[in-house]
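Observations on the three-dimensional arrangement
Single-letter residue listing:
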Amino acid sequence: MDLSTLGKWIAFAGIGLVVVGLLTWLAGKFGLPIGGLPGDIRVERQGWSFNFPLVTCIVLSIVLTVVLNLILWFLRR
């Protein structure tokens with residue numbers, strides 16, 4: 001792989017990260033319950049807290065899998 005191709009992939013990955021960051025920011029701004037679904041693990045004690053959004057990760061994984069498969073299916077047609 002030459003450097004120009006590698007540079008394009010890195011640029012597209014960066015743009016993708018910016019888009020995901022903006023979507024996450026907008027979801028928080030509009031009050032979508034990302035990280036607050038039932039089944040997410042949250043432990044709070046005096047002086048510290050731990051949050052692991054287990055169900056949120058599973059739901060986002062399923063949604064992204066379906067979306068990416070649809071995009072690839074449309075691109076193959």
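Topic: the overall build of the protein
Across its full length, the protein carries two helices and two strands. Going residue by residue from the N terminus, the α and β elements of the protein occur as α-β-β-α. Over its C-alpha atoms the protein spans a radius of gyration of 17 Å, topping by over 25% the 11 Å that the globule rule assigns to 77 residues. Each principal axis of the C-alpha distribution contributes one length, and for the protein these read about 55 × 30 × 25 Å. Classification of the 77 residues of the protein by burial places 4% in the buried group. Roughly 6900 Å² of accessible area belongs to the protein as shown, and the carbon and sulfur atoms make up 74% of that amount.

Regarding the pairing of strand β2 (residues 48-52)
Pairing of strand β1 (residues 41-45) with β2, which is carried by five bridges, proceeds in the antiparallel orientation. Residue pairing across strands places R42 opposite N51, the latter belonging to β2.

Description of the pattern of salt bridges
Using the criterion set out here, one finds one salt bridge in the structure. Between R42 and E44 there is a salt bridge whose closest N-O contact spans 2.8 Å. Here R42 matches E44 in class, with each residue exposed.

Some words on the environment of I10
Counting through the fold element by element, I10 comes out in helix α1 (residues 3-29). Residues I10 and G47, 37 residues apart in the sequence, show an inter-C-alpha distance of 40 Å.

A word on α1
Taking 1.5 Å as the rise per residue, α1 with 27 residues should run 39 Å; its terminal C-alpha atoms sit 39 Å apart, in good agreement. Positive phi appears at G31, one or two residues downstream of α1, with a value of about 80°.

Side note on the layout of surface pockets
Sizing a probe to match a water molecule and rolling it over the atoms shows the empty space that remains. Taken as a whole, the largest pocket holds about 430 Å³ of empty space. If you go around the largest pocket, you meet 13 residues; those closest to its centre are V19, V20, L23, L60 and L64. Elements supplying a minimum of two residues to the lining of the largest pocket: α1 and α2 (54-76). A breakdown of the residues in the lining of the largest pocket according to their chemical character gives eleven nonpolar, two polar and no charged.

Observations regarding the packing of aromatic side chains
The tally for this structure, following the rule as stated, stands at one aromatic pair. Relative to F74, the ring of W73 lies with its centre 5.0 Å away and its plane at 65°, an arrangement referred to as edge-to-face.

Criteria and cut-off values
Residues numbered from 1 in each chain as written. Predicted model: local features only at pLDDT ≥ 70, side-chain atom pairs only at ≥ 80, totals over all residues. Heavy atoms only, no water. Helix = DSSP H or I, 4+ residues; strand = E, 2+ residues; numbered from the N terminus. Rg over C-alpha atoms; globule rule 2.2 N^0.38 Å. Buried < 20%, exposed > 50% of the residue type's maximum accessible area, 1.4 Å probe, protein only. Areas by Shrake-Rupley, 256 points an atom, 1.4 Å probe, with all protein chains shown as cover. Pairing = 2+ DSSP bridges. Salt bridge = Lys/Arg side-chain N within 4 Å of Asp/Glu carboxyl O. Expected span 1.5 Å × (residues − 1). 1 Å grid on protein atoms, 1.4 Å probe; cavity = no way out; pocket = protein on both sides within 12 Å on 5 of 7 lines; lining within 4 Å. Points joined across faces, edges and corners; volume = space filled by probe spheres on them. Nonpolar A, V, L, I, M, F, W, Y, C, P; charged D, E, K, R; others polar. Phe/Tyr/Trp six-rings, centres within 6.5 Å; stacked < 30°, edge-to-face > 60°.

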